[in-house]
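Structural overview for review
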Amino acid sequence: MRPAMKKALFCGAVPFVALVAALPFVNRLRPVVLGLPFVLFWILGWVALTPVFLYLAERFLRKDKNGKDGKPGPRPWRSSWESSWRPRPPACWPAAGSR
C-alpha cells in the first residue's frame with residue numbers, strides 16, 4: 001500500500017474512531033460547554049471537523065496521483081473521446097434516405 005493511501009485511510013479513520021470508539025469515554029453530562037452537555041458538544045465538534053479530515057485525505061490521494069503539487073498535468077486541447085463522439089438521432093426518427 002502506498003504511503004499516500006495510508007495517510008488517506010488514517011485521515012478517514014480519525015473521525016470514525018472519535019465518534020464511535022471514543023464516545024463511551026466522553027459520555028459525561030457535567031462539563032457543560034457552550035450550554036451543551038459535553039457529549040453533545042463532542043459529537044457536534046467532530047461532525048464539523050469530519051469534512052476537514054476528508055479534505056485532507058482527498059488531498060493526499062490527489063497529490064499522489066498527480067504529482068508533487070497536487071495539480072493535474074497539462075490536458076490536450078481535445079481528448080480522443082471528445083473528438084470521436086457524435087450524437088446519434090433517437091430511434092423514433094426515420095433513417096436517413098428512407099423517404
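The notes below deal with the structure included here.

Conventions adopted
Residues numbered from 1 in each chain as written. Predicted model: local features only at pLDDT ≥ 70, side-chain atom pairs only at ≥ 80, totals over all residues. Heavy atoms only, no water. Phe/Tyr/Trp six-rings, centres within 6.5 Å; stacked < 30°, edge-to-face > 60°. Helix = DSSP H or I, 4+ residues; strand = E, 2+ residues; numbered from the N terminus. Buried < 20%, exposed > 50% of the residue type's maximum accessible area, 1.4 Å probe, protein only. Contact = heavy atoms within 4.5 Å. Expected span 1.5 Å × (residues − 1). Bend = angle between axes of the 7 residues up to and from the residue. Salt bridge = Lys/Arg side-chain N within 4 Å of Asp/Glu carboxyl O.

1. Notes on the packing of aromatic side chains
- Inspection of every chain in the model, using the stated rule, returns three aromatic pairs.
- Geometrically, the ring pair formed by Phe38 and Trp42 is tilted, given 6.1 Å between the ring centres and 45° between the ring planes. Of this pair, Phe38 and Trp42 both sit in helix 3 (residues 38-66), separated by four residues, roughly a single helical turn.
- By relative accessible area, which is 22% here, Phe38 ends up partly exposed.

2. Points about the environment of Ala22
- By the element assignment, Ala22 lies in the loop between helix 1 (3-21) and helix 2 (23-26).
- For the pair Ala22 and Trp42, spaced 20 residues apart in sequence, the C-alpha to C-alpha distance is 9.8 Å.
- With sequence-adjacent residues up to four places away left out, Ala22 is seen in contact with Val17 and Trp42.

3. Here we look at helix 1
- Helix length check: helix 1, at 19 residues, gives a terminal C-alpha distance of 25 Å against a target of 27 Å (1.5 Å per residue), a fit within 8%.
- The sharpest bend along helix 1 comes to roughly 25°, located at Ala13, with the proline Pro15 sitting one to four residues further on.
- Within the sequence span of helix 1, burial applies to Ala4, Ala8, Cys11, Val14, Pro15 and Ala18.

4. Re the pattern of salt bridges
- Inspection of the entire model under this criterion finds one salt bridge.
- Residue Glu58 is joined to Arg62 by a salt bridge in which the shortest nitrogen-to-oxygen separation is 2.5 Å. With a gap of four residues between them, Glu58 and Arg62 both fall in helix 3, about one helical turn apart.
- Accessibility expressed as a relative area gives 30% for Arg62, which makes it partly exposed.

Just distances and angles here, no functional claims.
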